[in-house]
Amino acid sequence: MSNTGSIVVAYSADRYGAAALEHAAGLARKDRARLVVVNATLGSSLVDSRFAHDADIAALQERLTGEGLDVVVRHDVVSDVADAVIAAADEEQASLVVVGIRHRTPVGKLLLGSVAQRIILEAHCPVLAVKPPS
């Protein structure tokens, strides 16, 4: 089905991930590209609200496939979320990575490394950062 490379989306189970997913799905539909959804969490994290439940991932995959998209979902516990997204993009020879971004305070940026920022800086293909509607 794919005429062009894959589009990888860093998906989180929140409004930022939903915005990224909808944008990536629209691009994949338009370009007839394979959509690779990466929803990952750190192995050291006992609770991560951005890591989707298995049933939600299954429903998401069913919905996207039902819309005619060629979809692969990577739903994994990993040592580094940014590395997992970048590795998926490399393995899939992605033409684009889509990430959702959130506003962070200057102190938040200083204290915590941003997954989106690392993906933007380290991915080997173009990265599109999207934010949800206000």
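Going by the annotation in an unreviewed UniProt entry, the name recorded for the protein is Universal stress protein, with Nocardioides humi given as the source organism.

Enquirer: I'm lost on a nonpolar patch on the surface in this one. Help?
Expert: Side chains of Ile101, Ile120 and Leu121 sit close together on the surface and give an oily, nonpolar patch of about 270 Å² of accessible area. If you trace the backbone, leucine 121 turns up in helix α5 (residues 115-122). Judged by relative accessible area, which is 64%, leucine 121 ranks as exposed.

Enquirer: Sorry if this is basic, but what is going on with the environment of arginine 15 here?
Expert: Looking at the element boundaries, arginine 15 is found in helix α1 (residues 15-31). With 117 residues separating them along the chain, arginine 15 and proline 132 place their C-alpha atoms 6.4 Å apart. The contacts of arginine 15, once residues within four sequence positions are left out, are Pro132 and Pro133.

Enquirer: Looking at this model, I keep getting lost on the sheet that holds strand β4 (residues 96-100). Mind explaining?
Expert: For sheets, the rule is that strands pair by backbone hydrogen bonds, running either parallel or antiparallel. With respect to topology, five strands assemble into an open sheet ordered β3-β2-β1-β4-β5, the strand pairing being parallel. Every other strand in the sheet has two partners, leaving β3 (71-78) and β5 (127-130) as the edge strands with one partner each. On average, adjacent strands in this sheet sit at an angle of 20° to one another, irrespective of strand direction. Summarising the sheet, strand β2 (residues 35-42) and β3 pair through eight bridges and their orientation is parallel. The partner of threonine 41 across the bridge, within β3, is valine 77. On the sheet, helix α3 (residues 81-91) packs against β1 (7-10), β2, β3 and β4 and is oriented at approximately 155° with respect to β2. α5 contacts β1, β4 and β5 of the sheet and is inclined by roughly 160° relative to β4.

Thresholds applied
- Residues numbered from 1 in each chain as written.
- Predicted model: local features only at pLDDT ≥ 70, side-chain atom pairs only at ≥ 80, totals over all residues.
- Heavy atoms only, no water.
- Patch = residues over 30% accessible without salt bridge, like charges linked within 9 Å, V, L, I, M, F, W, Y side chains within 5 Å.
- Areas by Shrake-Rupley, 256 points an atom, 1.4 Å probe, with all protein chains shown as cover.
- Salt bridge = Lys/Arg side-chain N within 4 Å of Asp/Glu carboxyl O.
- Helix = DSSP H or I, 4+ residues; strand = E, 2+ residues; numbered from the N terminus.
- Buried < 20%, exposed > 50% of the residue type's maximum accessible area, 1.4 Å probe, protein only.
- Contact = heavy atoms within 4.5 Å.
- Pairing = 2+ DSSP bridges.
- Axes fitted to C-alpha atoms, helices over the stretch in contact; angles between N-to-C directions.

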